[in-house]
Amino acid sequence: MTADLFGDDVPNWREELGPGAVVLRGFAVPVATALLAAVNGVTSAAPFRHMITPGGFRMSVAMTNCGALGWASDPTGYRYDRLDPESGQPWPAMPDVFLRLARDAAASAGFADFTPDACLINRYEPGARLSLHQDKNERDYTAPIVSVSLGLPAVFLFGGSRRDDKAARVPLAHGDVVVWGGPARLRYHGVLALKAGIHPAIGEYRVNLTFRKAG
Ligand code: MD6
Ligand code: FE
């Protein structure tokens, strides 16, 4: 862990979660307002929606996407698609502030030249959760994933390479960024049910941005 030597009031340190995985505490705080404004821009064109899993369940997390490719789930399976299935239109472009933050965070974690083509935007309301899963719909596992937490705090579960490996509980707060790749790329992970609360920036929600190189 590297302590903040710069004397500002923004949390700024890193916590290794294991080889290839790190939490950059507070990394997104300086751009959080700009990120949230950009989320509103994306969702005015591609609103949050509750997708249906291949098993037929409605996901408790509401999702949308921006970038050249968007992640989608429906009863036929999971996939990345160029078009929003709700509108038939391409997903909104990735805002510059998203791209810059994702690149900077990846570089800071040791993954140079990360160029995401997909950003999945997750919105949690109290009680919403994401069960343990691997991110494996992307074509190329050499690129890392960059995950940005905004709004209410959540407990991130970070497991191993098998579903039944014991998972660490990692609290994530507004502005924290998790980067994982290389040997950590296929580790199981999930999010515990969100606790109710009010965040000054976005009220009763947690919003998570996950950047990937999907295509
Ligand atoms: C979330 N995140 O934090 C859900 N996946 O809301 C993920 O599923 C995730 O945070 C891959 C890498 C980082 C993540
Ligand atoms: Fe994931």
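As a starting point, this report considers the structure included with it. (Residues numbered from 1 in each chain as written. Chains lettered and ligands numbered in written order. Predicted model: local features only at pLDDT ≥ 70, side-chain atom pairs only at ≥ 80, totals over all residues. Heavy atoms only, no water.)

1. So, the side chain of H189
Inference 1: Position of H189 among the secondary structure elements: in strand β12 (residues 189–191).
Inference 2: The exposure class assigned to H189 is buried, which follows from its relative accessible area of 5%. (Helix = DSSP H or I, 4+ residues; strand = E, 2+ residues; numbered from the N terminus. Buried < 20%, exposed > 50% of the residue type's maximum accessible area, 1.4 Å probe, protein only.)

2. Some details on the environment of T64
Inference 1: For T64, the position within the fold is in strand β3 (residues 62–66).
Inference 2: For T64, a relative accessible area of 0% corresponds to the buried category.
Inference 3: For the pair T64 and L101, spaced 37 residues apart in the sequence, the C-alpha separation amounts to 19 Å.
Inference 4: If near-sequence neighbours (up to four positions away) are discounted, T64 is found in contact with V42, T43, A46, P47, F48, R49, W91, C119, L120 and I121.
Inference 5: Here the side chain of T64 touches A46 through a polar contact of 2.7 Å, landing on its backbone oxygen. (Contact = heavy atoms within 4.5 Å. Polar contact = N/O pair within 3.5 Å; in protein donor to acceptor, adjacent residues only side chain to side chain.)

3. Some thoughts on the packing of helix α1 (residues 32–45) against helix α2 (residues 96–108)
Inference 1: Taken N-terminus to C-terminus, the directions of α1 and α2 make an angle of 130 degrees; their axes are 9 Å apart at the nearest point. Between α1 and α2, the angle falls in the class oblique. Where α1 crosses over α2, the two elements pack in a sense that is left-handed. Contacts between α1 and α2 involve A34, L35, A38 and V39 from the first element and V97, F98 and L101 from the second.
Inference 2: Here the contact of α1 with α2 is built from residues that sort into 7 nonpolar, no polar and no charged. (Axes fitted to C-alpha atoms, helices over the stretch in contact; angles between N-to-C directions. Parallel < 35°, antiparallel > 145°, perpendicular 65-115°, else oblique. Left-handed = near helix turned anticlockwise from the far one by under 90°. Nonpolar A, V, L, I, M, F, W, Y, C, P; charged D, E, K, R; others polar.)

4. Considerations on α1
Inference 1: Here α1 spans 20 Å end to end across 14 residues, near enough to the 20 Å set by a 1.5 Å rise per residue.
Inference 2: Within α1, burial applies to A32, L35, L36, A38, V39, V42 and T43. Buried residues of α1, seen end-on, are gathered within an arc of 160 degrees and therefore sit on one face of the element. Within α1, the exposed residues directed more than 90 degrees away from the buried face are T33, N40, S44 and A45.
Inference 3: Turning to α1, the residues buried within the fold contact β3, α2, β6 (118–124), β8 (145–151) and β13 (206–212). (Expected span 1.5 Å × (residues − 1). Arc of directions from axis to C-beta.)

5. A short note on the coordination of the iron ion (ligand 2)
Inference 1: H133 (NE2), D135 (OD) and H189 (NE2) make up the full set of protein donors to the iron ion (ligand 2), lying at 2.1 to 2.2 Å.
Inference 2: Here the donor residues for the iron ion (ligand 2) map to a single chain with the spacing H-x1-D-x53-H. Placement of the pair is H133 in strand β7 (residues 130–133) and H189 in strand β12, with a sequence separation of 56 residues.
Inference 3: Classification of H133 by relative accessible area gives partly exposed; the value is 22%. (Donors = N, O, S within 2.8 Å, 3.2 Å for Na, K, Ca; no water.)

6. Focus on the pattern of salt bridges
Inference 1: In total, this model carries 9 salt bridges according to the counting rule given.
Inference 2: Here R185 ties to E138 by a salt bridge, and the two come within 2.8 Å at their closest N and O atoms. Note that R185 is positioned in the loop between β11 (177–180) and β12 and E138 in the loop between β7 and β8, a separation of 47 residues in sequence. Here R185 matches E138 in class, with each residue buried.
Inference 3: In this structure, the salt-bridge partner of E138 is R212, at a minimum N-O distance of 3.0 Å. Linking E138 in the loop between β7 and β8 with R212 in strand β13, this pair joins segments that are 74 residues apart in sequence.
Inference 4: Note on R212: relative accessible area 6%, which makes it buried.
Inference 5: Salt bridges linked by common partners bring D135, E138, R185 and R212 together as one network. (Salt bridge = Lys/Arg side-chain N within 4 Å of Asp/Glu carboxyl O.)

7. Here's the deal with the sheet that holds β13
Backbone hydrogen bonds hold the strands of a sheet together, and the pairing may be parallel or antiparallel.
Inference 1: Pairing in this open sheet of 7 strands is antiparallel, and the strands run β1-β2-β11-β8-β13-β6-β3 from one edge to the other. The open sheet has two edge strands, β1 (13–18) and β3, and neither has a second partner. Averaged over all adjacent pairs, the angle separating strand axes in this sheet is 20 degrees, with direction ignored.
Inference 2: Of the pairings in the sheet, the one linking β8 to β13 comprises 6 bridges and is antiparallel in character. If you follow V146 over to β13, its bridge partner there is F211.
Inference 3: Contacts between α2 and the sheet are confined to β1, β2 (21–25), β3, β6, β8, β11 and β13, with β8 contributing the most and set at about 120 degrees to the helix. (Pairing = 2+ DSSP bridges.)

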